[in-house]
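Here are the chains, one letter per residue:
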Amino acid sequence: MGKDVIIACDFKNKEETLNFLEQFTEEKPFIKIGMELFYSEGPNIVRELNKMGHKIFLDLKLHDIPNTVQKAMTSLLRLDVDMCNVHATGTIEMMKAAMKGLTREDGTRPLLISVTQLTSTSEERMQDELLIPEKLDKVVMHYAKNTKLAGLDGVVCSPLEAGKVKDVCGKEFLTVTPGIRFETDEMGDQVRVTTPKKAKELGSDYIVVGRPITKSENPVETYRRCIKDFCE
Ligand code: C5P
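Residues numbered from 1 in each chain as written. Predicted model: local features only at pLDDT ≥ 70, side-chain atom pairs only at ≥ 80, totals over all residues. Heavy atoms only, no water.

1. Quick word on the overall build of the protein chain
Item 1. The helix and strand inventory of the protein chain stands at eleven helices and eight strands.
Item 2. For the protein chain, whose C-alpha radius of gyration is 17 Å, the value lies close to the compact-globule estimate of 17 Å for 232 residues.
Item 3. Along the first, second and third principal axes, the C-alpha set of the protein chain runs to 45 × 40 × 30 Å.
Item 4. By residue count, 50% of the 232 residues in the protein chain fall in the buried class.
Item 5. The contacts in the protein chain between residues at least 6 apart in sequence include a share of 66% that link residues at least 24 apart. (Helix = DSSP H or I, 4+ residues; strand = E, 2+ residues; numbered from the N terminus. Rg over C-alpha atoms; globule rule 2.2 N^0.38 Å. Buried < 20%, exposed > 50% of the residue type's maximum accessible area, 1.4 Å probe, protein only. Contact = heavy atoms within 4.5 Å.)

Spelled out as structure tokens, the structure:
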């Protein structure tokens, strides 16, 4: 898989999702399905969107004991998605189990990436509540290294961290980066944002774009602008 734009389909139900996607008559965007949609509609929504020809990043961020994660991944494997994820805090053993559960008998599998520290966790909270007495970016890079050691394909991170992650884990190690905004967009709840063009320069492999496309007056045109700026 090469560079691509993944649209975060953060909709509350199937109807809203299909209404949004039916505007795309000429292209089949790579889409991200998160907990909100998956928990409200169940696995059938994934099967349906898959049948429509979309590549799917199933963003369920698994985190449990290794045996449970392995079995859950095998259930997700049957949905035939293109990308799944886990929390790196589940340990290397858990990530290895996830890989095992997600690998077909012939050795093929969807991409598997990890979440290092959630971007909603501040350094202060990580130190005071989670009792991790380190700098946040040191922890993020350490978890990226653990992810690589476990054999996963990459991490979710800010485009601003993509270069450093590649320095630490190698340039083949994937960086999947949310926090994308055009200069004229509202920030919403994102703090450290980057344009698609800048994300490309910084070395992201996939950008995850939600509201700048889903809330745009012309989502198809905005999606095409993302593709042009990021992929071409
Ligand atoms: O609407 P927006 O472009 O901010 O959407 C970004 C998407 O990426 C959302 O689905 C959000 O949950 C997800 N995400 C993120 N930051 C992370 C991990 C995931 O914004 N660190």
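Picking up where we left off.
2. So, the site of the ligand
Item 1. Around the ligand sit 13 residues in total, of which D10, K32, Q190, G210 and R211 are the nearest.
Item 2. Between D10 and the ligand, the recorded distance is 2.7 Å, taken from a side-chain N or O atom to an oxygen atom.
Item 3. In the model, an oxygen atom of the ligand is placed 2.8 Å from a nitrogen or oxygen of the G210 main chain.
Item 4. For the ligand, whose accessible area on its own is 470 Å², the fraction buried by protein is 82%. (Near = heavy atom within 4 Å. Polar contact = N/O pair within 3.5 Å; in protein donor to acceptor, adjacent residues only side chain to side chain. Areas by Shrake-Rupley, 256 points an atom, 1.4 Å probe, with all protein chains shown as cover.)

3. Details of the sheet that holds strand β7 (residues 174-177)
Item 1. Strand order around the closed barrel formed by eight strands is β1-β2-β3-β4-β5-β6-β7-β8, with parallel pairing between neighbours. For this sheet, the mean inter-axis angle between neighbouring strands, taken without regard to orientation, is 25 degrees.
Item 2. Pairing of strand β1 (residues 4-8) with strand β2 (residues 30-34), which is carried by three bridges, proceeds in the parallel orientation. Opposite A8, over in β2, you have K32 as the bridge partner.
Item 3. This element, helix α3 (residues 43-51), spans β2 and β3 (56-62) of the sheet and lies at about 155 degrees to β3.
Item 4. Most of the contacts of helix α8 (residues 159-169) go to β7, to which it runs at about 170 degrees, and overall it touches β6 (154-156) and β7. (Pairing = 2+ DSSP bridges. Axes fitted to C-alpha atoms, helices over the stretch in contact; angles between N-to-C directions.)

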